[in-house]
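Chain by chain, the residues:
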Amino acid sequence: MRPWWEVGVLYQIYPRSFQDSNGDGIGDLAGISARLDYLVDLGIDALWISPIFPSPMADFGYDVADYCDVDPRFGTLADLDRLIEAAHARGLRVLLDLVPNHSSDQHPWFVESRSSRTNPRRDWYIWRDPAPGGGPPNNWISDFGGPAWDYDEATGQYYSHAFLKEQPDFNWRNPALRAAMMDVLRFWFDRGVDGFRIDVLWHMVKAADFRDNPVNPAYSPEMGDMHRVLQTHSTDQPEVHAIAAEMRAIAEANGGRLLIGEIYLPVDRLMAYYGTADAPGVQLPFNFQLIDAPWRADALAEIVRSYEAALPPGGWPNWVLGNHDRPRIATRVGEAQARVAAMLLLTLRGTPTLYYGDEIGIADVVVPAAQVKDPRELREPGLGLGRDPVRTPMAWDAGPHGGFSDGEPWLPLHDDAAIRNVAKQAADPAAMLPLYRDLLALRRTHGALATGDIADITGTDDILSYARTENGECLLIALNLSGGERRFVLPDNMEHPRLLLSTVPDWRRGDEDGDGRTILLAPDEGVILLNE
Ligand code: NOJ
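Just so we're clear, the structure is a prediction, and the values are computed from it rather than from any experiment. (Residues numbered from 1 in each chain as written. Predicted model: local features only at pLDDT ≥ 70, side-chain atom pairs only at ≥ 80, totals over all residues. Heavy atoms only, no water.)

### What to know about the site of the ligand
- Surveying the vicinity of the ligand reveals 13 residues, the closest of which are Asp59, Asp199, His324, Asp325 and Arg387.
- Between the ligand and Asp59, the relevant distance is 2.5 Å, taken from an oxygen atom to a side-chain nitrogen or oxygen of the residue.
- Residue Glu262 places a side-chain N or O atom 3.5 Å away from an oxygen atom belonging to the ligand.
- The fraction of the free accessible surface of the ligand (290 Å²) that becomes covered by protein chains is 97%.
- The residue inventory of the shell around the ligand, partitioned by class, reads 4 nonpolar, 2 polar and 7 charged. (Near = heavy atom within 4 Å. Polar contact = N/O pair within 3.5 Å; in protein donor to acceptor, adjacent residues only side chain to side chain. Areas by Shrake-Rupley, 256 points an atom, 1.4 Å probe, with all protein chains shown as cover. Nonpolar A, V, L, I, M, F, W, Y, C, P; charged D, E, K, R; others polar.)

### Re the packing of helix α12 (residues 335–345) against helix α15 (residues 432–445)
- Two numbers describe how α12 lies on α15: the axes approach to 10 Å, and their chain directions differ by 15°. It follows that α12 is roughly parallel to α15 by the angle criterion. In this structure, α12 crosses over α15, and the sense of that crossing is right-handed. On the side of α12, the interface is formed by Glu335, Ala338, Arg339, Ala342 and Met343, while α15 contributes Met432, Leu435, Tyr436 and Leu439.
- Of the residues contributing to the contact of α12 with α15, the split by class is 7 nonpolar, no polar and 2 charged. (Axes fitted to C-alpha atoms, helices over the stretch in contact; angles between N-to-C directions. Helix = DSSP H or I, 4+ residues; strand = E, 2+ residues; numbered from the N terminus. Parallel < 35°, antiparallel > 145°, perpendicular 65-115°, else oblique. Left-handed = near helix turned anticlockwise from the far one by under 90°. Contact = heavy atoms within 4.5 Å.)

### With respect to the domain arrangement of the protein chain
- Under the domain assignment, the protein chain is made up of domain 1 (4–103 + 175–439), domain 2 (108–160) and domain 3 (453–531).
- The gap between the C-alpha centroids of domain 2 and domain 3 is 57 Å. (Domains from an automatic or database assignment.)

### Observations regarding the sheet that holds strand β18 (residues 526–531)
- Taking strand neighbours across the sheet as the criterion, the 5 strands line up as β12-β13-β14-β18-β16 in an open arrangement whose pairing is antiparallel. The open sheet has two edge strands with one neighbour each: β12 (453–460) and β16 (497–502). In this sheet, neighbouring strand axes are inclined to one another by 20° on average, regardless of whether the strands run parallel or antiparallel.
- Pairing between β16 and β18: 5 bridges, direction antiparallel. Counted as the bridge partner of Leu499 is Leu529 from β18. (Pairing = 2+ DSSP bridges.)

### Description of α12
- Among the 11 residues of α12, 9 are classified as buried, and the element is accordingly described as predominantly covered.
- All of the buried residues along α12 are Gln337, Ala338, Arg339, Val340, Ala341, Ala342, Met343, Leu344 and Leu345. (Buried < 20%, exposed > 50% of the residue type's maximum accessible area, 1.4 Å probe, protein only.)

### A short note on the nonpolar core
- One finds Tyr11, Leu39, Trp172, Met247 and Met394 to be the most contacted residues of the largest nonpolar core, which totals 149 residues.
- In terms of residue count, helix α6 (residues 175–190) provides more of this core than any other element does, 8 residues in total.
- Among the nonpolar cores identified, the runner-up in size contains 12 residues, and Cys474, Phe488, Ile519 and Leu521 belong to it. (Core = buried A, V, L, I, M, F, W, Y, C linked by side-chain atoms within 4.5 Å.)

### Describing the packing of aromatic side chains
- Inspection of the entire model under this criterion finds 29 aromatic pairs.
- With a centroid separation of 5.0 Å and 65° between ring planes, the pair formed by Phe110 and Tyr159 is classed as edge-to-face. Here the residue Phe110 occupies a position in helix α5 (residues 108–113), and Tyr159 occupies one in strand β6 (residues 157–160), the gap between them amounting to 49 residues. Pair check on accessibility: Phe110 and Tyr159 agree, each one buried. (Phe/Tyr/Trp six-rings, centres within 6.5 Å; stacked < 30°, edge-to-face > 60°.)

### Topic: the packing of α6 against helix α7 (residues 240–253)
- Close contact between α6 and α7 brings their axes to 10 Å; oriented N to C, the two are set at 30°. Between α6 and α7, the angle is such that the two are roughly parallel. Of the two possible hands of crossing, α6 and α7 adopt the one that is right-handed. Of the residues in α7, those in contact with Arg178, Met182, Leu185, Arg186 and Phe189 of α6 are Ala242, Ile243, Glu246, Met247, Ile250 and Ala251.
- Of the residues that constitute the contact of α6 with α7, the class distribution is 8 nonpolar, no polar and 3 charged.

### Brief notes about the pattern of salt bridges
- As enumerated under the stated definition, the model contains 36 salt bridges in all.
- In this structure, the salt-bridge partner of Asp79 is Arg82, at a minimum N-O distance of 2.8 Å. Taken together, the residues span about one helical turn, with Asp79 and Arg82 both in helix α4 (residues 77–89) at a distance of 3 residues.
- Judged by its relative accessible area of 16%, Asp79 falls in the buried class.
- For Arg82, a relative accessible area of 49% translates into the label partly exposed.
- Between Arg305 and Glu302 there is a salt bridge whose closest N-O contact spans 3.4 Å. Of this pair, Arg305 and Glu302 both sit in helix α10 (residues 297–310), separated by 3 residues, roughly a single helical turn. (Salt bridge = Lys/Arg side-chain N within 4 Å of Asp/Glu carboxyl O.)

### Some thoughts on the sheet that holds β6
- Across the sheet, which stays open at both edges, the 3 strands sit in the order β4-β6-β5 with antiparallel pairing between neighbours. Edge positions in the open sheet fall to β4 (127–128) and β5 (149–152), since each of these has one partner strand only.
- By the bridge criterion, 4 bridges tie β5 to β6 in an arrangement that is antiparallel. By the bridge assignment, Asp150 is partnered in β6 with Tyr159.

### Quick notes on the pairing of strand β7 (residues 195–198)
- Of the two faces of β7, the one holding Gly195 and Arg197 and the one holding Phe196 and Ile198 are both buried throughout.
- Where β7 lies against strand β8 (residues 258–261), 4 bridges are found, and the strand directions are parallel. Across the sheet, residue Phe196 finds its bridge partner in β8, namely Leu259.
- Following the chain from β7 across α7 to the adjacent parallel β8, one finds a crossover that is right-handed. (Right-handed = clockwise from strand over helix to strand, strands pointing away.)

Encoded structure:
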C-alpha cells in the first residue's frame, strides 16, 4: 500500500488570508474549518497551514514565540483541535508549519539566552564575539538584507539571524535545544497533526568555524543584498541530515507522519535531503523548479527528465507551482498558460502542492506603498522582492471583501474579486476552478495520473508531452506552451486516443491529416488523452 501522501494532493493555506470568521480582517482557524467542504469538493487530500503559533508577527508567524500554542489572532488550541477533527472526519489530512531554524526574539528561550553569557539557555542560540577590531563576526548576510548578526550591548556579543533580527537562529549543535524541538514534534503528533512542512530546513546548521562566505561574482544590486555572498558556509551543512533523520524517526514512530522540507538548492544537493536507507530524511524535499523555470517546452522537459533521473532509489517526486514567498503562476505566465500550468502540475509524476487562490487564477495584487506589510519589501523596497502581492485574501463570492471578512481585510483583494471568486467560477464551466476540479477528479479515476510511471518526456515545437502509465493504462499529456496553434503528432503507441480533458474546452478540433494521427492544439491548450 502506498502512503497517502504519494497518492494525494497538498494544498497550502496562508491562514491570514483564507477566511476570517470574526471580522478582524485576518483569517483564522474557525474560518478554515468553515471552508473544509470547499476543499473536499475541490478534491485535495491534505492542507498545509502556514504558521498559526503565538507570534509578534514581525515575519507574519515565521517568528514563533511559543511552539505549542495558537496565536489568539488565529483562535485557540481548541479551535485547532476542532479543525483537525473536522478535517479528519472528511478524509483530509492537516499539516502544520514547523519553524526550527529560528524563534522570535520574544520567545522565552531567547529572552533567557540574551539575559547573560552564563544563562543555561545562552548556547541554545548562536552567539559570537565581535570580529577582532569590532563589527560582526563574519560576512554572512541575512536573507532579508543587511548583516546576519545583531549586537547585544548588554552582553557584548552578536547573535546570528538568517532572517530578521527579530528571528534569532537556534544553535542546533546544542543537545538540549535539539531535544526541546523534537518534543515540539511529539506535542503536535499527539494532537493528531498529520505532518509538517519544515521551514528553511537547509539553513538549520551553520559551519562550525563560521568562515566567511565567498563573494558572489554574479551579484548585482537588483538581486537583493543577500546575494552579495554565496551561502556556502551558512547553509546546507552535512550535520543537518542527522537532524532530519531524527525528526523522521519521530514521524515514523507516530505511524508514518509526513515531513516536507522547504529547501531551495540545486537538484543534486536537494536529493541528499531524502536521506539514506539507514537514515531516511524528509519524505518530500520540496521541488521548487517549476517556480523559476523558463516557460519553454524544451526547458521544462529537461527539468522533468533531470529531476526524475536524480531521484534516489525509493525517493518520491513532488512539484510546486507557487507559495507565499514567490510570484503567483497567473502573473508569471498569464492566465491562459496558468491553465496549462495547472494541467502540468497535476499530471506530472509526484505529489503536487497547490497554493490557495491559484485555483481561481488570482494574480499578484499591487499593494499600495502605504499598505505594505511584508518586512522583506519594507527592508529593500522597490526590487519586487515583497511578498504581500501573493498573500492577499481569497475571494469566495461577490459580497463585500469577496466574502473573506466582514471587516477591512489586512491586505487588499484582487481588483476583479467581484467576478474572480469561488461562487462565480463554480457556475462557469470555462473558469479556472472547474478545470482544477476536473484535473483533481481525473487523478482519482485514473490511477496512472496519480502514481503511474512517466515516460517519453519530450519538449519540441513549443509542445511539452509525456506519457503516464500504470497497470496497462496509458495516458498522454500534450501541453502547447505557445500562444499559437500547434500540430501535435501522436506517438505510435497512442493507438486509440480519447480526449479526457482540454484546457480550451470549446476548441473545435478537426482531423488534421485525415488519419487521426495529428491533432491541432489550440493556442495555450493542454490536453490529456487516454489510449483506449
Ligand atoms: C521561509 C518562509 O517560507 C518565509 O515566508 C519566511 O519569511 C522565512 N522562511 C523565514 O522563516
